[in-house]
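Each chain, letter by letter, is given below.
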Amino acid sequence: GLFLILLFFVPDTPRSLMLKNKPDEALKVLVKVNGEQEGKKVLAEIKNSVSETSGKLLSYGWGIILIGVALSVLQQFVGINVVLYYAPEIFKSIDPNTDGALLLTIIVGVVNFLFTIIAVKTVDNKGRKPLMLIGALGMAIAMLALGFVFLSGATGYLALACMMLYVASFALSWGPVTWVLLSEIFPNKIRGKAMAVAVAAQWIANYIVSLT
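Parameters and conventions
Per-chain numbering applies: the sequence of each chain, read as written, is numbered from 1 onward. Thresholds applied to this predicted model are a pLDDT of at least 70 for local features of residues and 80 or more for the giving and counting of side-chain atom pairs; totals over whole chains, interfaces and linings are not thresholded and use all residues. In computing side-chain properties, one takes all heavy atoms of the structure into account and sets aside hydrogens as well as water. Labels follow the DSSP assignment, with helices taken as runs of H or I lasting at least four residues and strands as runs of E lasting at least two, numbered in each case from the N terminus. Exposed residues in this analysis have more than 50% of their type's maximum accessible area, buried residues have under 20%, and partly exposed residues fall in between, with area computed by a 1.4 Å probe over protein chains only. Working rule for contacts: check all heavy atoms of both residues, and any pair within 4.5 Å makes them a contact. Within this analysis, patches are made of residues with over 30% relative accessible area and no salt bridge. Like charges are joined at 9 Å or less; nonpolar side chains (Val, Leu, Ile, Met, Phe, Trp, Tyr) at 5 Å or less. Values of accessible area rely on a 1.4 Å probe in the Shrake-Rupley scheme; residue burial ignores everything except the protein chains shown. Salt bridges are counted wherever a side-chain nitrogen of Lys or Arg sits within 4 Å of a carboxyl oxygen of Asp or Glu. To estimate the expected span of a helix, count its residues, drop one, and scale the result by 1.5 Å. Axis definition: a line fitted to C-alpha atoms, limited for helices to the stretch in contact. Angles are taken between N-to-C directions and run from 0 to 180 degrees. Comment on the angle field: the value is read as roughly parallel under 35 degrees, roughly antiparallel over 145, roughly perpendicular from 65 to 115, and oblique elsewhere. In this scheme the crossing of two helices becomes right-handed for a clockwise turn of the near helix relative to the far one and left-handed for an anticlockwise turn of less than a right angle. Working definition of a nonpolar core: buried Ala, Val, Leu, Ile, Met, Phe, Trp, Tyr and Cys residues. They are joined through side-chain atoms within 4.5 Å.

This part is about the environment of S183. Inspection of the secondary structure puts S183 in helix α10 (residues 176-185). A relative accessible area of 32% places S183 in the partly exposed class. Along the chain, S183 and M195 lie twelve residues apart, while their C-alpha atoms are 7.3 Å from each other. In contact with S183, other than residues within four places in its own chain, are R191 and M195.

Printed below as a string of structure tokens:
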């Protein structure tokens, strides 16, 4: 409910305003976010890109669309939402007490939040690709280790440590950085429609993972 109410105070994006031929409103939003000098510079860039807008999704071929869809689908197929949706059930194998399982779920949320902040702070100076590679490696190690933990029947806090490493690795990389990549890889001409296709693919993948 709060989210719905606050949406009424969110301005339209500068790009959308330029497409509707409202440059003054677009500049007002950009100045508020970036300052006057940078706002005017960004507005000029948007003007150039908007003048080249095309309605054809496949203006640049299938390749770029498939890359965007692959990023979206893989973000879900790494299994993060299995952990986030079913964490209390998973943690009951570590602590049968319901309160204990819920507390561990809260810890997962805190780890997710903290490492997302680290990603936000480092994505520009460390680069997108290095973070994605580090995150993928961290998740792979964590899941392999967790598999061996469950196979050995050890579970307990060793399993918890593996889960935390997995969540931290995702939050540092494939969680936020995928969205950065999706917003950057598509040319301006097709960005709106291409993003819509990629995000639709992501939610379909989310549904498949949740269902199975």
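Moving on, we get to a nonpolar patch on the surface. A surface patch of nonpolar side chains, about 1,100 Å² in accessible area, is lined by L2, F3, L4, I5, L6, L7, F8, F9 and V10. We classify L2 as exposed; its relative accessible area is 61%.

With 17 residues, helix α9 (residues 156-172) extends 25 Å from end C-alpha to end C-alpha; this agrees with the ideal 24 Å at 1.5 Å per step. Burial of α9 is extensive: 13 of the 17 residues sit out of reach of the surface.

Running from N to C, helix α6 (residues 80-91) and helix α11 (residues 191-211) cross one another at 55°; their axes reach a closest spacing of 9 Å. Taken together, the axes of α6 and α11 lie oblique to each other. Along this stretch, α6 crosses α11, giving a crossing that reads as right-handed. Between α6 and α11, the contacting residues are N81, V82, Y85 and Y86 on the first element and N206, V209 and S210 on the second.

Our focus in this paragraph is the nonpolar core. Membership of the largest hydrophobic core comes to 38 residues, with the highest contact counts inside it found for F91, Y166 and F186. The biggest single contributor to this core is α9, with ten residues. With nine residues, the next largest nonpolar core counts V29, L30, L43 and V50 among its residues.

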